[in-house]
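Each chain, letter by letter, is given below.
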Amino acid sequence: MGESGKGIAITLALLLGIFLQILFVFVDEQNTPNKAAVEFAEAYFCFDGKGMTQWIGEEARVVDDVDMIGQHLHRGQEKARTLGYSLYYMKEKLYHVKTKTLSKDAEKAKIRLTAERKPPLQSFFTGRSDEVDETLTVKKEGGKWKVCGSPFSLHEG
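Quantities reported herein were computed from a predicted structural model and do not represent experimental measurements. (Residues numbered from 1 in each chain as written. Predicted model: local features only at pLDDT ≥ 70, side-chain atom pairs only at ≥ 80, totals over all residues. Heavy atoms only, no water.)

A few words on the side chain of Thr137. The residue Thr137 is located in strand β5 (residues 130-141) in this model. At 3.0 Å, the side chain of Thr137 forms a polar contact with the side chain of Lys110. Ignoring sequence-local partners within four residues, the contact set of Thr137 consists of Lys108, Ala109, Lys110, Lys146, Val147 and Cys148. (Helix = DSSP H or I, 4+ residues; strand = E, 2+ residues; numbered from the N terminus. Polar contact = N/O pair within 3.5 Å; in protein donor to acceptor, adjacent residues only side chain to side chain. Contact = heavy atoms within 4.5 Å.)

So, in structure tokens, the structure goes:
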């Protein structure tokens, strides 16, 4: 293979890589029930109010005129304050996230989410981790999949 053959091979490999990258970005942007469940769970355990609002349905967000996301954030802040820390101390990341679609139709789905959750700061020193195993109900609302019901006991005090 001459110099021009190597150049063609490298050019084709680069073009294939660019095409696959574009394809992966497009696939990642798709709105699916599983993606909604994972994105909401990550926001929930990170105390990300904006992220939670984006992925939770209206009926689950406001119950009896109470903003459940605000209440969840407030409970986290209070718990952190009683321990003498900021809310950052309470944040947890999800690892090894797996989802399984239990049932699905055009407007509603049940998704089982399993993961390992760890507080990054604490787990570095203690190795602490907890398992997450939750079945989430996801509905299509305004053309977008959103978590509804009482995910991760959001409505419990």
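This part covers the layout of surface pockets. Over the atoms, a rolling probe the size of a water molecule traces out where space has been left empty. Counted as a void, the largest pocket has a volume near 320 Å³. Looking at the lining of the largest pocket, the elements that each hand over two or more residues are α2 (33-45) and α5 (68-83). Looking at the lining of the largest pocket element by element, the count peaks at 5 residues for α5. Considered class by class, the residues forming the lining of the largest pocket number 7 nonpolar, 3 polar and 5 charged. (1 Å grid on protein atoms, 1.4 Å probe; cavity = no way out; pocket = protein on both sides within 12 Å on 5 of 7 lines; lining within 4 Å. Points joined across faces, edges and corners; volume = space filled by probe spheres on them. Nonpolar A, V, L, I, M, F, W, Y, C, P; charged D, E, K, R; others polar.)

It is worth spelling out the sheet that holds strand β3 (residues 93-104) at this point. Across the sheet, 4 strands lie side by side as β3-β4-β5-β6; this open sheet has antiparallel pairing. Strand pairing shows two members of the sheet lacking a second neighbour, β3 and β6 (144-148), which therefore form its edges. Averaged over all pairs of adjacent strands, the angle between strand axes in this sheet comes to 35°, irrespective of strand direction. Across the sheet, α2 touches β3, β4 (108-118), β5 and β6, and the angle it forms with β3 is around 145°. (Pairing = 2+ DSSP bridges. Axes fitted to C-alpha atoms, helices over the stretch in contact; angles between N-to-C directions.)

This paragraph deals with α2. If you check α2, its first and last C-alpha atoms are 19 Å apart, about what 13 residues at 1.5 Å a residue would give, namely 18 Å. Counting buried residues in α2 gives 10 out of 13 residues, a clear majority hidden from the surface. The elements touched by buried residues of α2 are α3 (49-55), α5, β3, β4, β5 and β6. Where α2 terminates, the next one or two residues include Phe47, which has phi positive at roughly 55°. (Expected span 1.5 Å × (residues − 1). Buried < 20%, exposed > 50% of the residue type's maximum accessible area, 1.4 Å probe, protein only.)

Counting 24 residues, the largest nonpolar core has Phe40, Leu113, Val132 and Phe152 as the members making the most contacts within it. Contributions of two or more residues to this core are made by α2, α3, β4, β5 and β6. Looking at this core element by element, the count peaks at 8 residues for α2. Those residues within four positions of Phe152 in sequence are excluded, and the remaining contacts are Phe40, Ala41, Tyr44, Phe45, Leu113, Val132, Glu134 and Leu136. Of all hydrophobic cores here, the second largest spans 5 residues; its members include Ala80, Leu87, Tyr89 and Met90. (Core = buried A, V, L, I, M, F, W, Y, C linked by side-chain atoms within 4.5 Å.)

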